[in-house]
Amino acid sequence: QVLANLGAVVLMFLAGLESDIEMMKKAVGPAFWSACGGVVFPLVGGALLLHAVGFRWAEAIFIGTILTATSVSITAQTLMNMNELRSRAGSTILGAAVIDDVLGLVILSFVTASEAGKHAGSLPGMAGVLPVIGRVTGFLILGLLLGPALVRAIFKRASRLQGPHSLTAIAFAVALGLAFLAEYIGGMAAITGAYLAGYLIAANAHVEEVVRDVRSLTHTFFAPVFLVSIGLAINARAVGGEVGFFLLILLIAIVGKVVGSGAGAWMSGFGGRESLVVGVGMIPRGEVGLITASLGWSAGIISTSVYSLMVVMVLVTTLITPVMLRMFHPWESPVSEEIPEIEVQADTTG
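Colleague: For a nonpolar patch on the surface, give the residues involved together with the corresponding values.
Modeller: A cluster of nonpolar side chains, namely V40, F41, V44, L48, L251, V255 and V259, defines an oily patch on the protein surface of about 590 Å² accessible area. Counting only elements with at least two residues in the nonpolar patch, the list comes to α3 (28–52) and α12 (243–267). Looking at the nonpolar patch, the element that brings in the most residues is α3, giving four residues. Mapped onto the secondary structure, V40 falls in helix α3.

Colleague: Hey, could you go over the packing of helix α4 (residues 57–67) against helix α15 (residues 304–328) for me, with residue numbers and the actual values?
Modeller: With their axes 11 Å apart at the nearest point, α4 and α15 run at an angle of 20 degrees to one another. Overall, the two elements α4 and α15 adopt an arrangement that is roughly parallel. Read as a crossing pair, α4 and α15 show a hand that is right-handed. On α15, the residues touching E59, I63, I66 and L67 of α4 are V306, M310 and M313. Residues of the contact of α4 with α15, tallied by class, amount to six nonpolar, no polar and one charged.

Colleague: Could you give me a rundown of the packing of helix α1 (residues 2–17) against helix α9 (residues 190–202), with the residues and numbers involved?
Modeller: Taken N-terminus to C-terminus, the directions of α1 and α9 make an angle of 30 degrees; their axes are 7 Å apart at the nearest point. One way to sum up the angle between α1 and α9 is to call them roughly parallel. Between α1 and α9 the crossing geometry is right-handed. Taking contact as the criterion, the partners of A8, V9, M12, F13, A15, G16 and L17 in α1 are, on α9, A190, I191, A194, Y195, A197, G198, Y199, I201 and A202. Looking at the contact of α1 with α9 residue by residue, the classes come out as 14 nonpolar, two polar and no charged.

Colleague: Tell me what's going on with the environment of I63, and back it up with residues and numbers.
Modeller: Along the chain, the position of I63 falls in helix α4. The contact partners of I63, leaving out residues within four places of it in the chain, are L50, F55, I249, I302, V306 and M310.

Colleague: Describe the pattern of salt bridges, naming the residues involved and giving the relevant values.
Modeller: By the definition in use, this model includes one salt bridge. The shortest N-O distance in the salt bridge between D100 and K257 comes to 2.6 Å. On the criterion of sequence distance, the pair formed by D100 in helix α6 (residues 88–115) and K257 in helix α12 is long-range, its members being 157 residues apart. Both residues of the pair, D100 and K257, belong to the buried class.

Definitions and cut-offs
- Along every chain, residues carry numbers that run from 1 in the direction the sequence is written.
- Selection of residues for local features in this predicted model requires a pLDDT of at least 70, selection of side-chain atom pairs for listing and counting requires 80 or more, and totals for whole chains, interfaces and linings are taken over all residues.
- Only hydrogens and water are set aside; all other atoms, that is, all heavy atoms of the structure, feed into the side-chain values.
- Patches here are clusters of residues that have more than 30% relative accessible area and form no salt bridge, with a 9 Å joining cutoff for like charges and a 5 Å cutoff for nonpolar side chains (Val, Leu, Ile, Met, Phe, Trp, Tyr).
- Using the Shrake-Rupley algorithm and a 1.4 Å probe, accessible areas are obtained, with residue cover drawn only from the displayed protein chains.
- Should a side-chain nitrogen of Lys or Arg be within 4 Å of a carboxyl oxygen of Asp or Glu, the pair is scored as a salt bridge.
- Segments assigned H or I by DSSP are reported as helices when at least four residues long, segments assigned E as strands when at least two residues long, and all are numbered from the N terminus.
- Helix axes are fitted to C-alpha atoms over the stretch in contact, other axes to C-alpha atoms as well, and angles between N-to-C directions run from 0 to 180 degrees.
- The labels follow the angle: roughly parallel below 35 degrees, roughly antiparallel above 145, roughly perpendicular from 65 to 115, and oblique for the rest.
- By definition, turning the near helix anticlockwise from the far helix through less than a right angle yields a left-handed crossing, and turning it clockwise yields a right-handed one.
- Here a residue-residue contact requires only that any non-hydrogen atoms of the pair lie within 4.5 Å.
- Three residue categories are used. Nonpolar comprises Ala, Val, Leu, Ile, Met, Phe, Trp, Tyr, Cys and Pro, charged comprises Asp, Glu, Lys and Arg, and polar comprises the others, including Gly.
- Throughout, exposure labels follow a simple rule: accessible area from a 1.4 Å probe, protein chains only, divided by the maximum for the residue type, with under 20% read as buried, over 50% as exposed, and the rest as partly exposed.

This is the structure we're talking about:
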């Protein structure tokens, strides 16, 4: 379990490292509004519907928080396979997925921090929420203001080290340090600090070695341990007995992202079909949804049966997204299909 918890931190550190900073800057407008819609609709809609069917507010809001997640890696891999990673819609989806994760992590931090020491089933009063907002906001502001200069100074000093994989070791130290500070000082989830560390390190030059090493270590050790721990905690019988509730959760998960993110893209000047593609591209929850669900289950906010349903929801949304993207995307055209043929003719005549 300790290794699994550490795996969640390392996974979010890798997600931050793989953030494309320049792409986010180029598509920041449409991506921001798509991300906001993709967070508000699943969170509010999910919380209201689940509370209406009998869930206490704390559990309903946390399930809504799980539904806000979007997996950057799943979306990026799908767009890459379709050769649409750098298109306008593709750039918006990737930028929105990253912003979506940041907003989701902030909401997660508020929810988990306000749950600590609060009676289950009651909404926190303003006296309890204000200190939480102050700690989280203060940590994020200090991290974003002081973090870049601090990380630059650390890596400048670390570049003089001669040991093998020294930059990776320093990067891990920064990630674990910020994860600890996020939880101890900011009252946030440790994964938020790890994601912030990855984001700050990704903004520095010459981090290819760090990304390569962290990706290898994550995919070969930490991610498998984390995923196995999730499988061990799932009660398959509980999933089979809650088909109606599962279909409700799945409907909220899909419609919330398609309508919310699609509306944000449409308000930013996208056409109807292209907005639909942006909304569909935001559906997969992936590792971010799994991590959020595991945190809620470990903290006792959601039950084991609900946790099992959340894991299945994450798997289903991850699997259906590539199919739906290929079904709805408008980028294929006869001209694009002729390009390879022209290139082959030019090569043979040359």
